[in-house]
Amino acid sequence: ALQVVIVALACGVAYQYGPAFAAPPAGADIATRLAFAVHWLIVPGLALLFGIALTANQRFFVAGAIDGTRAPENRMLEINLRYNQNTLEQTALAAIAWTGLALALPADRLTLIPALAALFGVGRILFFAGYLIAPVGRAIGFGFSFYPTAVALIWLAWRAFQ
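Cut-offs used in this document
Residues numbered from 1 in each chain as written. Predicted model: local features only at pLDDT ≥ 70, side-chain atom pairs only at ≥ 80, totals over all residues. Heavy atoms only, no water. Helix = DSSP H or I, 4+ residues; strand = E, 2+ residues; numbered from the N terminus. Buried < 20%, exposed > 50% of the residue type's maximum accessible area, 1.4 Å probe, protein only. Contact = heavy atoms within 4.5 Å. Areas by Shrake-Rupley, 256 points an atom, 1.4 Å probe, with all protein chains shown as cover. Axes fitted to C-alpha atoms, helices over the stretch in contact; angles between N-to-C directions. Parallel < 35°, antiparallel > 145°, perpendicular 65-115°, else oblique. Left-handed = near helix turned anticlockwise from the far one by under 90°. Nonpolar A, V, L, I, M, F, W, Y, C, P; charged D, E, K, R; others polar. Core = buried A, V, L, I, M, F, W, Y, C linked by side-chain atoms within 4.5 Å. Patch = residues over 30% accessible without salt bridge, like charges linked within 9 Å, V, L, I, M, F, W, Y side chains within 5 Å. Salt bridge = Lys/Arg side-chain N within 4 Å of Asp/Glu carboxyl O. Phe/Tyr/Trp six-rings, centres within 6.5 Å; stacked < 30°, edge-to-face > 60°.

Participant: How do you make sense of the overall build of the chain when you look at a structure like this?
Facilitator: For the chain, the count of helices and strands is six helices and zero strands. From first element to last, N terminus to C terminus, the chain shows the α and β order α-α-α-α-α-α. The buried share of the chain, taken over its 162 residues, is 40%. Sequence separation of 24 or more characterises 69% of the internal contacts of the chain that already satisfy a separation of 6 or more. On the chain, roughly 8,800 Å² of surface is accessible, and the fraction owed to carbon and sulfur atoms is 72%.

Participant: Explanation requested: the packing of helix α5 (residues 112-133) against helix α6 (residues 139-160) in the structure shown.
Facilitator: A pair of packed helices can be characterised by two numbers: the angle between their axes and the separation between those axes. Between α5 and α6, whose axes approach to 6 Å, the crossing angle comes to 155 degrees. In terms of axis orientation, α5 runs roughly antiparallel to α6. Relative to α6, α5 is oriented so that their crossing is left-handed. Contacts from Leu116, Leu119, Phe120, Val122, Gly123, Arg124, Leu126 and Phe127 of α5 reach α6 at Ile140, Gly141, Phe142, Phe144, Ser145 and Pro148. Classifying every residue of the contact of α5 with α6 gives ten nonpolar, three polar and one charged.

Participant: Sorry, what's going on with the nonpolar core here?
Facilitator: For soluble globular proteins, the rule of thumb is that nonpolar side chains tend to be buried together. Counting residues in hydrophobic clusters, the biggest one holds 23 residues, and the most contacted among them are Trp40, Trp98, Leu101 and Ile113. Taken together, the elements giving at least two residues each to this core come down to α2 (30-40), α4 (75-104), α5 and α6. The biggest single contributor to this core is α4, with eight residues. Each residue touching Ile113, except ones within four places of it in the same chain, is listed here: Phe36, Ala37, Trp40, Trp98, Leu101 and Ala102.

Participant: Would you take a moment to explain a nonpolar patch on the surface for this structure?
Facilitator: Taken together, Ile42, Leu46 and Leu49 make up a surface patch of nonpolar side chains, about 300 Å² in accessible area. Structurally, Leu46 is set in helix α3 (residues 42-61).

Participant: Is there a simple way to explain the packing of aromatic side chains in this structure?
Facilitator: When we look at a pair of aromatic rings, we describe it by the centre distance and by the angle of the planes. One pass over the full model with this rule turns up nine aromatic pairs. Considering the side-chain rings of Phe50 and Tyr83, the 6.0 Å spacing of their centres and the 85 degrees angle between planes classify their relative orientation as edge-to-face. Taken together, the residues span a long stretch of sequence, with Phe50 in helix α3 and Tyr83 in helix α4 at a distance of 33 residues. Relative accessible area serves as the criterion here: at 2%, Tyr83 is assigned to the buried category. Aromatic pair Phe146 and Tyr147: ring centres 5.4 Å apart, planes at 70 degrees, arrangement edge-to-face.

Structure representation (structure tokens):
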């Protein structure tokens, strides 16, 4: 319950102050809106790139891991693989949600997308750091990147079926 409250507060802060670091696009046409959303997908892309690069680097230094095994004996490599899988899943959801929001939100509310990108980035950092401490420690980071996306998708589905 505390995790949901923290994420909700972070969403509110990001939404309120999002326009300070990312102005909405100048045009309101579909191509401009989609380009704005795709621009912010660099954040999930970089989060995934970080994980893949870290995994690739570790495969060279962990005995027996260069063969691409999915169940390595090394704890750090296993954490990296799990981080990559979860980040890939959340990136796919974010891409769907953010492009949907780019088409559905009023132009002055498109700053929600960079706010979601900021939460996603913070979430992935907290997820990875939490995993290093203890597997349960990844929960807050998961919440920062998953729950805002889930709310966006539910809102888009609700709009589609009303």
